[in-house]
Amino acid sequence: MSERMTKGSVIAQYLPERVTPVGETIAPVFAPSNIALCKYWGKRDVELNLPINSSLSISLAHLGTQTRLSVSDEDAVWLNGEKVAAQDKFARKVIAFIDLFRGPQGSPVKVETDNNIPTAAGLASSASGFAALMLAIDGFYGLKLDPQCLSAFARMGSGSASRSLYTGFVEWQMGVREDGMDSIALPLDSHWDALRIGLVKVSVAEKAVDSRSGMNRTVETAHLYQSWPLQAAADLERLHQAIADKNFTQLGETAEQNALSMHATMIAAWPPLLYWQPGSVAAMHRIWQARAEGVEVYFTMDAGPNLKLLFTAEAEAAVKHYFPDMEVIAPFG
Ligand code: ADP
Ligand code: DP6
Ligand code: CO
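Residues numbered from 1 in each chain as written. Chains lettered and ligands numbered in written order. Predicted model: local features only at pLDDT ≥ 70, side-chain atom pairs only at ≥ 80, totals over all residues.

Right, let's get into the overall build of the protein. For the protein, the helix and strand inventory stands at 9 helices and 13 strands. For a compact globule of 333 residues, the expected C-alpha radius of gyration is about 20 Å, and the protein comes in at 20 Å, within 12% of that figure. The principal-axis extents of the C-alpha atoms in the protein amount to approximately 60 × 45 × 40 Å. Counting only residues that meet the buried cut, the protein has 45% of its 333 residues in that class. (Helix = DSSP H or I, 4+ residues; strand = E, 2+ residues; numbered from the N terminus. Rg over C-alpha atoms; globule rule 2.2 N^0.38 Å. Buried ≥ 20, exposed ≤ 12 C-beta atoms within 10 Å, placed from the backbone.)

Quick look at the domain arrangement of the protein now. Segmenting the protein into domains produces domain 1 (7–187) and domain 2 (195–329). With 25 residues of domain 1 in contact, the opposing surface of domain 2 contributes 35 residues. It is strand S4 (residues 55–71) that contributes the most residues to the side of domain 1 that touches domain 2, 5 residues altogether. (Domains from an automatic or database assignment. Contact = placed C-beta atoms within 7 Å.)

Look at helix H6 (residues 228–245) against helix H7 (residues 248–267): their axes get within 9 Å of each other, and the N-to-C directions meet at 165°. Viewed along their axes, H6 and H7 adopt a mutual orientation that is roughly antiparallel. Crossing of H6 against H7: the hand is left-handed. Residues Trp-228, Gln-231, Asp-235, Arg-238, Leu-239, Gln-241, Ala-242 and Ile-243 of H6 touch H7, and the partners they reach there are Gln-250, Leu-251, Thr-254, Asn-258, Ser-261 and Thr-265. (Axes fitted to C-alpha atoms, helices over the stretch in contact; angles between N-to-C directions. Parallel < 35°, antiparallel > 145°, perpendicular 65-115°, else oblique. Left-handed = near helix turned anticlockwise from the far one by under 90°.)

Looking now at the site of ligand 1. Neighbouring residues of ligand 1: 23 residues in total, closest Ser-125, Ser-126, Gly-129, Asp-210 and Ser-211. Elements represented by at least two residues in the shell around ligand 1 include exactly helix H2 (89–102), strand S7 (109–115) and helix H3 (125–140). Considering each element in turn, the shell around ligand 1 owes the most residues, 6 residues, to H3. Taken together, the residues that form the shell around ligand 1 break down as 10 nonpolar, 10 polar and 3 charged. Each of domain 1 (7–187) and domain 2 (195–329) contributes no fewer than three residues to the shell around ligand 1. (Near = placed C-beta within 6 Å. Nonpolar A, V, L, I, M, F, W, Y, C, P; charged D, E, K, R; others polar.)

Put into structure tokens, the structure is as follows:
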């Protein structure tokens, strides 16, 4: 069987013959957003969102997406209390994902989804968005999928969503199978109560190039990308070691270098991709200045201009001195 697999063909193998709602509506479900310390960057299969490298993230506790599905006269998608036009890309992606489960002839649904993080601004709304949608689909149609299936199917909505089904540290193992059913996330059995994440918002406007296009463009056009898989594999090891040893210096240094290496591959793409704004660079310099002055703070950044700071509870007051407006998250508290 050499025919290329599609999302629909993979999912169909795990569904009952008829997928119908179990009731009028479901209680809203929540999934946290997450930030990667070792990034997912590059796909070996763009249809199934199978990654070139494994990645490791921390979920953002109460920050994320709440989604609810109900029976309706027509398909309708509501984001943050406002109806999204049916032809809008956002609505089309949500409905296309639901179609993978109910089929295109399935009965219409209303989707109500609320992000308490900015949408499409590099704060991983696609991760919490598709993880919450996957959980809502599972509940609404009574699928009772096991956690591995939920993670694999959420990944088909957005790769980073595979990790948003869990709290705390999460590893997404790249897997080797052609159908991707071993390309799933698993929670690490480690807590780090003192760990803190600071969100430094430079701009919450929707980015001009979404993560998906940015990633594909980088793989296709940046020679520098060749070095990425090796770097990611080495960083993943170092992060596991840092978490096992509670070695914050190693965690922070590895995460910051991993993020900057990913951005280096983007800058080397054509047309070039620079998600940074002047405010992003100013924040980086402030972080390096804080470190030079003895405050242990590191950063990571995704496909957007905003920074996520990494520090421990004992450094929180000192870090706030440099970033008075940051929002602080205690991912294990
Ligand atoms: P981000 O950095 O926010 O993850 P991406 O470019 O990866 O940005 O993804 C943004 C896309 O994620 C949106 O255009 C939309 O398709 C999807 N998305 C965001 N929030 C939700 C949600 N609540 N439900 C479903 N999909 C969502
Ligand atoms: C830089 O998961 O948003 O945030 O799979 O195409 O939906 P798609 O991309 P997405 O990419 C996230 C990229 C990143 C790194 C990461 O979260 O690991
Ligand atoms: Co995303």
